[in-house]
Amino acid sequence: MALFRITTTRIAETQRVFPQLSVLLRQLSDASTDLKAILAARIPKEQERVKSFRKQHGATKVGEVTVDMMYGGMRGIKGLVCETSVLDPDEGIRFRGYSIPECQKLLPKAPGGSEPLPEGLFWLLITGDIPTDAQVKAISKEWAERAELPAHVVTLLNNLPTSLHPMSQLSAAVTALNSESKFAKAYASGVHKSKFWEYIYEDSMDLIAKLPVVAATIYRNSFKDGSGIGAIDTSKDWSYNFTTMLGYDNPEFVELMRLYLTIHSDHEGGNVSAHTVHLVGSALSDPYLSFAAGLNGLAGPLHGLANQEVLIWLQKIRKQIGDKATEEQLKDFIWKTLKSGQVVPGYGHAVLRKTDPRYTCQREFALKHLPNDALFQLVSKIYKVVPPILLETGKVKNPWPNVDAHSGVLLQYYGLKEMNYYTVLFGVSRALGVLASLVWDRALGLPIERPKSMSTDGLMKALKAA
Ligand code: AMX
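Residues numbered from 1 in each chain as written. Predicted model: local features only at pLDDT ≥ 70, side-chain atom pairs only at ≥ 80, totals over all residues. Heavy atoms only, no water.

## Some points on the packing of aromatic side chains
Each pair of aromatic rings is reported with the distance of its centres and the angle of its planes. A full pass over the atoms with the stated rule returns 14 aromatic pairs. Ring plane angle 50° and centroid distance 5.7 Å describe the contact between Tyr 187 and Phe 196, whose orientation is recorded as tilted. Ring plane angle 85° and centroid distance 6.2 Å describe the contact between Phe 223 and Tyr 421, whose orientation is recorded as edge-to-face. In this pair, Phe 223 is assigned in helix α11 (residues 196-223) and Tyr 421 in the loop between α20 (404-413) and α21 (422-443), connecting sequence segments 198 residues apart. Assessed through its relative accessible area of 0%, Tyr 421 is described here as buried. (Phe/Tyr/Trp six-rings, centres within 6.5 Å; stacked < 30°, edge-to-face > 60°. Helix = DSSP H or I, 4+ residues; strand = E, 2+ residues; numbered from the N terminus. Buried < 20%, exposed > 50% of the residue type's maximum accessible area, 1.4 Å probe, protein only.)

## Remarks on the site of the ligand
Within the structure, the ligand sits among 20 residues, and His 303, Gly 346, Tyr 347, Lys 395 and Asp 404 are positioned closest to it. A distance of 2.8 Å separates an oxygen atom of the ligand from a polar side-chain atom of Lys 395. For the ligand, whose unbound accessible area comes to 890 Å², protein coverage reaches 75%. A breakdown of the residues in the shell around the ligand according to their chemical character gives eleven nonpolar, five polar and four charged. (Near = heavy atom within 4 Å. Polar contact = N/O pair within 3.5 Å; in protein donor to acceptor, adjacent residues only side chain to side chain. Areas by Shrake-Rupley, 256 points an atom, 1.4 Å probe, with all protein chains shown as cover. Nonpolar A, V, L, I, M, F, W, Y, C, P; charged D, E, K, R; others polar.)

## Focus: the pattern of salt bridges
Applying the stated criterion across every chain, the model contains 19 salt bridges. The network of salt bridges with common partners includes Lys 36, Glu 142, Arg 146, Lys 182, Glu 202 and Asp 206. (Salt bridge = Lys/Arg side-chain N within 4 Å of Asp/Glu carboxyl O.)

## Some points on the side chain of Ser 140
Examined against the element boundaries, Ser 140 turns out to sit in helix α7 (residues 133-145). In this structure Ser 140 comes out as buried when scored by relative accessible area, which is 8%. When sequence neighbours within four positions are dropped, the list of residues in contact with Ser 140 reads Glu 119, Lys 236 and Asp 237. (Contact = heavy atoms within 4.5 Å.)

Set out below in structure tokens:
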């Protein structure tokens, strides 16, 4: 009985000190596998908590805006609320308070597997709780059952030129999937706004379920003979089905995809893809339209396309210097890249100031499974050489590698060599975070986003007057 007298504060404290004990406590109190019902019970409490917080602190200042921030991509402006994850500049991402190593330890795994299942990460992102095996299994099954594509999306994909970039194909297919939007239909029929989140949830679950089928169709059309992707196995997990549809049957590659799809899911609210989904969703565009907009941002070379850019850059090194490049040769190559006005892809970050833990866990995966791979060894050498050079430029705020510096190497090793496909995998994973956030955006009734902009003349006048 004493267990049940633990107060909320005590639970938070226990969670910090003994994450596994706290997981067990939560799982005891919430064993249902019905995610929507769990959310339905949580949402009114969270609405109340936010309401009373805003009542007390609505007018409290949380920061200042400088002219440099306005011209400088809004760096450092605290202007968004995102519940699913928080990015610490030194420590990296925490999903609902859990670091990547904690997620690797605590989230359910596939039978015989050692990497977390992305289904569990989604459960964590949307509820804040580490799920049980049964809860994760229920999500795998539900996604497998919702995976079927409408005929017009299959026709669209099969008629797109194979030369069209896979991210453009993905974005087009996701936009076309909005024919299926339950939210758009409910809105058109005049549903009350207190019910919006339920339809956003339904669309999000459908979209996440369908994404691997869309992505696998794009892969097979673009790079293989376009033959069928096969049927979904409803007894298997999301990543297993995805890799099978792509045409791979290596259990180690499936484990890599489970890790990959977990760690690329969310990076708090201000990055281009997450912010775009949140912004477009705030106009009450349905989850398909909102996510397609986010994908178009993810397709930029400074954001998700960087993993493709890294591979192109590595290939150039291999071609020009070879696999056995010395540190001196690498230094020359990196300086040449910088002097030609290009960025070193896979390095730097707008928020992070240390090596990205998503890089570290992929490096650990490589050390475990492919320590002698030539490309991995090149990437390891580059890890030594790039940071001091970027520091020497005197302007790069973070000289350390981000997630994109490592992901392509692993995919190459397992035979997925088509580098302009890599951002599609990122996109499939990113859906987990941004759609979990979108459900909460509507549950909390966040309004249409509309920050104030000023002209340079107006800004000058305002500052002169002040
Ligand atoms: N190589 C060369 N120059 C770099 C650099 C890099 N990797 N990272 C930053 N810089 C430069 C910037 O271009 C900027 O130069 P400028 O003043 O001449 O315009 C200067 O250093 C200051 O930039 P910053 O404040 O350190 O970074 P930022 O917040 O403006 O940009 C990012 C962040 C990620 C866009 C940048 O580091 C970059 O372009 N990196 C390479 C591309 C990349 O890896 N992107 C993936 C990021 C992770 C992701 O979203 N998937």
